[in-house]
Amino acid sequence: MADPNTRTLQTATIGIGEYRVGSFPMMTIGLGSCIGLTLYDPQKKTGAMVHIMLPDSGGRTDRPGKYADTAIPVLLKELDKIGSSNSSLVAKMAGGACMFEYFGTNLNIGERNTDKVRVVLKEQGIRLSAEDVGGKVGRTVTFLPASGGKVSIRRADGVTSEL
Amino acid sequence: MKLSAVQADAIQELGNIGAAHAATTLSQMLSSTVSMSVPAIRTIDIAELGNHIGDESAAMVVFELQGEIQHGGYIIFYITRESAIRLTNTMLGMTDMDRELNEMDQSALLEVGNIMVSAFLDATAEMLGFIMLPSPPVLSIDMAHAAMESLIAQLGEEVDEVLLFSTELICEEHKIDSDIIMLPEISTLKRITELLEAMMKAP
């Protein structure tokens with residue numbers, strides 16, 4: 001789970017439901033319906049990244065990073081501890097795809113995740129500056145707080161883009 | 001759900017039988033020898049999923065487990081992109097490796113997955129006396145992790161750990177490496193272990 005004290009320049013891989021705070025490179029691999037959300041403080045060149053799986057926690061508190069409604073508040077709390085207030089943060093998000101068009105279950109979890117992240121960011125007064133969401137495509141996302149909060153996205157076909 | 005050593009052994013045996021039948025069908029389709037690994041049962045924390053399934057490009061033919069349990073989880077025919085091209089090349093008498101997976105490849109993969117998974121589930125149904133039917137297949141040709149995490153997110157019973165139960169099927173002649181992976185709901189897993197335990201107790 002999050003360990004804000006870790007100071008490593010190696011890329012931290014953030015698994016499903018995990019989050020990290022710091023200025024080291026961070027990465028979420030193979031996002032499908034999950035969301036990779038980054039919050040960046042341009043003045044401090046630091047930030048946070050979380051790998052969200054589902055929109056609503058339904059009151060569960062043991063893995064706050066797993067759900068959109070609990071992940072964003074916990075990131076803001078961690079960032080506040082190191083002196084980044086909500087108004088100084090910029091958000092970017094990627095993922096929220098629908099990898100399987102048909103499954104009868106009629107759950108577009110990717111879209112619900114994306115919607116929920118937007119709503120919670122708005123509630124918290126965080127500006128969403130860029131996003132690459134939806135479609136039927138997997139994304140691996142890298143976040144470089146030390147390099148201006150750059151977020152780069154690689155797709156399965158090797159195409160890369162930047163947010 | 002934690003499996004006891006006995007339960008794990010029993011599930012492994014079930015996988016063995018299912019995969020052996022699937023391997024036979026693959027062998028017939030390729031007219032070549034197909035060998036299989038010992039089935040691996042892995043309980044994986046979702047945060048660690050990326051250590052087991054990466055963002056490499058793969059074809060996954062996915063079936064929902066239906067039948068006596070309505071939404072029983074998923075069973076997946078997994079094959080890396082290169083192996084998928086070699087597989088359809090072998091079946092369709094082509095040699096070009098440097099190409100995209102086209103519509104013909106996609107229908108071939110769906111069909112191969114369908115035949116193999118049906119053989120797998122037929123064999124396990126016969127052994128267990130418990131029928132799991134495959135839904136119509138859906139295909140993803142993309143990052144393996146992206147497809148798998150999406151399936152885990154839409155499991156009916158929300159989990160922090162998943163049980164992945166996989167058997168590797170290899171055709172050395174054509175360098176084709178594939179897996180059959182089962183991602184059962186907890187209720188399905190419970191039902192299967194109960195039936196296996198009852199079988200072992202029977203005289």
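Here is what the cut-offs are and how they apply
- Residues numbered from 1 in each chain as written.
- Chains lettered and ligands numbered in written order.
- Predicted model: local features only at pLDDT ≥ 70, side-chain atom pairs only at ≥ 80, totals over all residues.
- Helix = DSSP H or I, 4+ residues; strand = E, 2+ residues; numbered from the N terminus.
- Rg over C-alpha atoms; globule rule 2.2 N^0.38 Å.
- Contact = placed C-beta atoms within 7 Å.
- Buried ≥ 20, exposed ≤ 12 C-beta atoms within 10 Å, placed from the backbone.
- Nonpolar A, V, L, I, M, F, W, Y, C, P; charged D, E, K, R; others polar.
- Pairing = 2+ DSSP bridges.
- Axes fitted to C-alpha atoms, helices over the stretch in contact; angles between N-to-C directions.
- pLDDT = per-residue confidence, 0-100.
- Core = buried A, V, L, I, M, F, W, Y, C linked by C-beta atoms within 7 Å.
- Expected span 1.5 Å × (residues − 1).
- Parallel < 35°, antiparallel > 145°, perpendicular 65-115°, else oblique.

## Considerations on the overall build of chain A
Point 1. Within chain A, the regular secondary structure consists of two helices and ten strands.
Point 2. For chain A, the sequential pattern of α-helices and β-strands runs β-β-β-β-β-α-β-α-β-β-β-β.
Point 3. Its C-alpha atoms give chain A a radius of gyration of 15 Å, within 12% of the compact-globule value 15 Å for 163 residues.
Point 4. Dimensions along the principal axes, computed over C-alpha positions, put chain A at roughly 45 × 40 × 25 Å.
Point 5. Taking as baseline every contact in chain A between residues at least 6 positions apart, the subset at least 24 positions apart corresponds to 62%.

## What about the overall build of chain B?
Point 1. Check the secondary structure of chain B and you find six helices and eight strands.
Point 2. Scanning chain B from its N terminus toward the C terminus, one meets helices and strands in the order α-β-β-α-β-β-α-α-β-β-α-β-β-α.
Point 3. Taking the principal axes of the C-alpha coordinates as reference, chain B spans close to 50 × 40 × 25 Å.
Point 4. A burial count over chain B gives 43% of its 203 residues as buried.

## Some details on the interface of chain A and chain B
It is common to report an interface's size as the accessible area lost on association of the parts.
Point 1. With 26 residues of chain A in contact, the opposing surface of chain B contributes 23 residues.
Point 2. Tallied by class, the residues present in the side of chain A that touches chain B amount to 15 nonpolar, nine polar and two charged.

## Observations regarding the sheet that holds strand β2 (residues 19-22) of chain A
Residues and elements named next belong to chain A.
Point 1. One open sheet holds the five strands; their spatial order is β2-β5-β4-β6-β7, and the pairing between them is mixed. Taken across any chain shown, the strands that pair with only one partner, and hence form the sheet edges, are β2 and β7 (127-133). With strand direction ignored, the average angle separating the axes of adjacent strands in the sheet is 10°.
Point 2. Looking at chain direction, strand β6 (residues 90-95) and β7 are connected through six bridges and run parallel. The residue bridging A91 from the neighbouring strand is L128, located in β7.

## So, the environment of V133(A)
All names here are of chain A.
Point 1. Take V133: it is sitting in strand β7.
Point 2. Between the alpha carbons of V133 and A94 there is a distance of 5.1 Å; along the sequence they are 39 residues apart.
Point 3. Setting aside its immediate chain neighbours within four residues, V133 contacts M93, A94, G95, G96 and T114.

## Focus: the pairing of strand β7 (residues 161-171) of chain B
Residues and elements named next belong to chain B.
Point 1. In terms of burial, β7 is largely enclosed, as eight of its eleven residues are buried.
Point 2. Here strand β1 (residues 35-36) runs beside β7; their pairing, made up of two bridges, is antiparallel. Bridging across to β7, S35 finds its partner in I170.
Point 3. Note: strand β2 (residues 40-45) against β7, six bridges, orientation antiparallel. Within the sheet, the bridge partner assigned to T43 lies in β7 and is L163.
Point 4. Relative to strand β8 (residues 176-184), β7 is paired through seven bridges, and the arrangement is antiparallel. Along β8, the bridge assignment pairs T167 with I180.

## Considerations on the sheet that holds strand β1 (residues 12-13) of chain A
Residue and element names in this part refer to chain A.
Point 1. In spatial order, the strands read β1-β3-β8-β9-β10; together these five strands make up an open sheet with mixed pairing. Strands at the two margins of the open sheet, each flanked by one partner only, are β1 and β10 (160-162).
Point 2. Judged from the three bridges that link them, strand β9 (residues 150-155) and β10 form a sheet pairing that is antiparallel. The residue bridging R154 from the neighbouring strand is T160, located in β10.

## Things to note about helix α5 (residues 144-153) of chain B
Point 1. Where burial is concerned, most of α5(B) is hidden: ten out of the ten residues are buried.
Point 2. Those residues of α5(B) that fall on the buried side of the exposure criterion are A144(B), H145(B), A146(B), A147(B), M148(B), E149(B), S150(B), L151(B), I152(B) and A153(B).

## Brief notes about the confidence of the model for chain B
Point 1. Summing up the model confidence of chain B, the mean pLDDT is 91 and the portion of residues at 70 or higher is 100%.
Point 2. Model confidence for the complex: the whole-complex pTM is 0.91, and ipTM, which rates the interface, is 0.90.

## A word on unusual backbone geometry
Residue and element names in this part refer to chain B.
Point 1. One non-glycine residue, S31, lies in positive phi territory at about 50°.
Point 2. On the secondary structure map, S31 appears in the loop between α1 (5-30) and β1.
Point 3. A count of 10 C-beta atoms within 10 Å places S31 in the exposed class.
Point 4. Phi at K175 takes a positive value of approximately 50°, unusual for a residue other than glycine.
Point 5. Residue placement: K175 occurs in the loop between β7 and β8.

## So, the nonpolar core
Point 1. In terms of nonpolar packing, the biggest core is built from 105 residues, with I52(A) and I76(B) touching the most fellow members.
Point 2. If we ignore the near neighbours within four places in the chain, the residues touching I52(A) are C34(A), I35(A), L37(A), G65(A), K66(A), Y67(A), A68(A), A71(A), N113(A) and V117(A).

## Observations concerning helix α3 (residues 81-92) of chain B
All names here are of chain B.
Point 1. For α3, with twelve residues, the first-to-last C-alpha span of 16 Å sits near the 16 Å given by 1.5 Å per residue.
Point 2. Taken together, the buried positions of α3 are A84, I85, R86, L87 and T88.
Point 3. Among the structural elements, β3 (57-67), β4 (73-80), α4 (103-128) and β8 are those in contact with the buried residues of α3.
Point 4. In the stretch just after α3, G93 is the one whose phi turns positive, near 65°.

## Some points on the packing of α3(B) against α4(B)
All names here are of chain B.
Point 1. Between α3 and α4, whose axes approach to 10 Å, the crossing angle comes to 90°. Taken as axis vectors, α3 and α4 run roughly perpendicular relative to one another. Note on element contacts: α4 touches α3 through M104, D105, A108, L109 and V112, opposite A84, L87, T88, M91 and L92.
Point 2. Class assignment for the residues of the contact of α3 with α4 results in eight nonpolar, one polar and one charged.

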